[in-house]
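# Architecture and fold: a report
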Amino acid sequence: GDGKYGVLCVGFDDLGPQGGINEKGLAFDGNALPYIPVKTHPERLQPSEAIVNKIILRECATVEEAIAMARSYDWGTIYSGKFAGQYLLADATGDACVLGFGADGELAITRKPRGDGFIVSTNFNRAYPENRYYAYPCVRYETATRMLEKSIRESDLTVESLAAVLNAVH
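Here's what I pulled together on the structure shown here.

What counts and how
Residues numbered from 1 in each chain as written. Predicted model: local features only at pLDDT ≥ 70, side-chain atom pairs only at ≥ 80, totals over all residues. Heavy atoms only, no water. Pairing = 2+ DSSP bridges. Helix = DSSP H or I, 4+ residues; strand = E, 2+ residues; numbered from the N terminus. Axes fitted to C-alpha atoms, helices over the stretch in contact; angles between N-to-C directions. Contact = heavy atoms within 4.5 Å. Buried < 20%, exposed > 50% of the residue type's maximum accessible area, 1.4 Å probe, protein only. Arc of directions from axis to C-beta. Core = buried A, V, L, I, M, F, W, Y, C linked by side-chain atoms within 4.5 Å. Salt bridge = Lys/Arg side-chain N within 4 Å of Asp/Glu carboxyl O. Phe/Tyr/Trp six-rings, centres within 6.5 Å; stacked < 30°, edge-to-face > 60°. Lys NZ or Arg CZ within 6 Å of the ring centre and 35° of its normal.

Before going further, it helps to spend a moment on the sheet that holds strand β2 (residues 17-22). Spatially, β1-β2-β3-β4-β5-β6 is the arrangement adopted by the six strands of the open sheet, whose pairing is antiparallel. In this open sheet, the two strands that pair with only one neighbour each are β1 (7-11) and β6 (107-111). Going across the sheet, the axis of each strand differs from the next one's by a mean of 25°, ignoring polarity. In the sheet, β2 pairs with strand β3 (residues 27-37) via three bridges, with the strands oriented antiparallel. Of the residues in β3, the one forming a bridge with Gly 19 is Asp 29. Each of β4 (82-90), β5 (96-101) and β6 is contacted by helix α2 (residues 63-72), which is oriented at about 165° to β6, the strand it contacts most.

Written as structure tokens, this is what we have:
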């Protein structure tokens, strides 16, 4: 209702969404990371609820729209000057990006290459790799990247090949 998109989220029993998709095909998933300082921008819009799953998914249909909306908000204030993660966003057109924060505390966008490329997101910060839980380079990241490159090179981008990637890195 109210001109907003319908949203389905998945997560744990604490009701904190770990991923989700809206009726237009804009989807997100989150990667946990150690806390990183985030700069506040009081001149930007002040969100009253979680930016990605409560605002962006309800109001955006594409990655481009989501990036524009993400940049319009003050992430630092709502998250008390620190953030512990990054978000992978993808839409029905095949566009994708990772929203995270750089070493400078500013919102950073890592884009999927245009066309038939892909983007991989694991538990290291795409914009600031030193902000991570696991060793970097990340074995899961490297495994997924290698397997996806092979699937594309061999024109074997199938449900089975994608399931094999997920199985190799879960």
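In this section: helix α5 (residues 159-169). When α5 is considered as a whole, its buried residues turn out to be Ser 161, Val 165 and Val 169. Projected down its long axis, α5 shows its buried positions confined to an angular sector of 65°, all on one face. For α5, the exposed residues lying more than 90 degrees away from the buried face are Val 159, Glu 160, Leu 166 and Asn 167. Contact partners of the buried residues in α5: α4 (139-153).

The next subject is the pairing of β1. Pairing of β1 with β2, which is carried by five bridges, proceeds in the antiparallel orientation. Within the sheet, the bridge partner assigned to Cys 9 lies in β2 and is Gly 20. Taken together, β1 and the strand that follows it, β2, pair antiparallel across an intervening segment of five residues, in which Leu 15 is found at a positive phi of about 65°.

Counting residues in hydrophobic clusters, the biggest one holds 23 residues, and the most contacted among them are Leu 26, Val 52, Ile 56, Trp 75, Tyr 87, Leu 89 and Leu 99. The set of elements that each furnish at least two residues to this core consists of β3, α1 (51-59), α2, β4 and β5. Among residues more than four places away in sequence, those in contact with Ile 56 are Leu 26, Ile 51, Ala 66, Met 69 and Ala 70. Residues Val 120, Phe 124, Cys 138 and Ala 144 belong to the second largest nonpolar core, which totals eight residues.

Its location among the elements puts Ala 135 in the loop between β6 and α4. Spatially, the C-alpha atom of Ala 135 lies 27 Å from that of Trp 75, the residues being 60 residues apart in sequence.

This next bit is on the pattern of salt bridges. Throughout the structure, instances matching the rule amount to four salt bridges. A salt bridge links Arg 58 to Glu 49, with the shortest nitrogen-to-oxygen separation between them at 3.9 Å. The partner of Glu 64 in a salt bridge is Arg 111, with the nearest N and O atoms 3.0 Å apart. With Glu 64 in helix α2 and Arg 111 in strand β6, the pair connects residues that are 47 residues apart, well separated along the chain.

Before going further, it helps to examine the packing of aromatic side chains. Enumeration according to the criterion identifies nine aromatic pairs in this entry. On the numbers, 5.7 Å between centres and 70° between planes, the contact of Phe 28 with Tyr 87 is edge-to-face. Of this pair, Phe 28 sits in strand β3 while Tyr 87 sits in strand β4, and the two are 59 residues apart along the sequence. For Phe 28, a relative accessible area of 6% corresponds to the buried category. According to the relative accessible area criterion, Tyr 87 is buried, its value standing at 13%. Taken together, the aromatic side chains of Phe 28, Trp 75, Tyr 79, Phe 83, Tyr 87 and Phe 101 make up a single cluster linked through ring pairs. Directly above the aromatic system of Tyr 35 lies the positively charged group of Lys 82, at a separation of 4.8 Å from the ring centroid.

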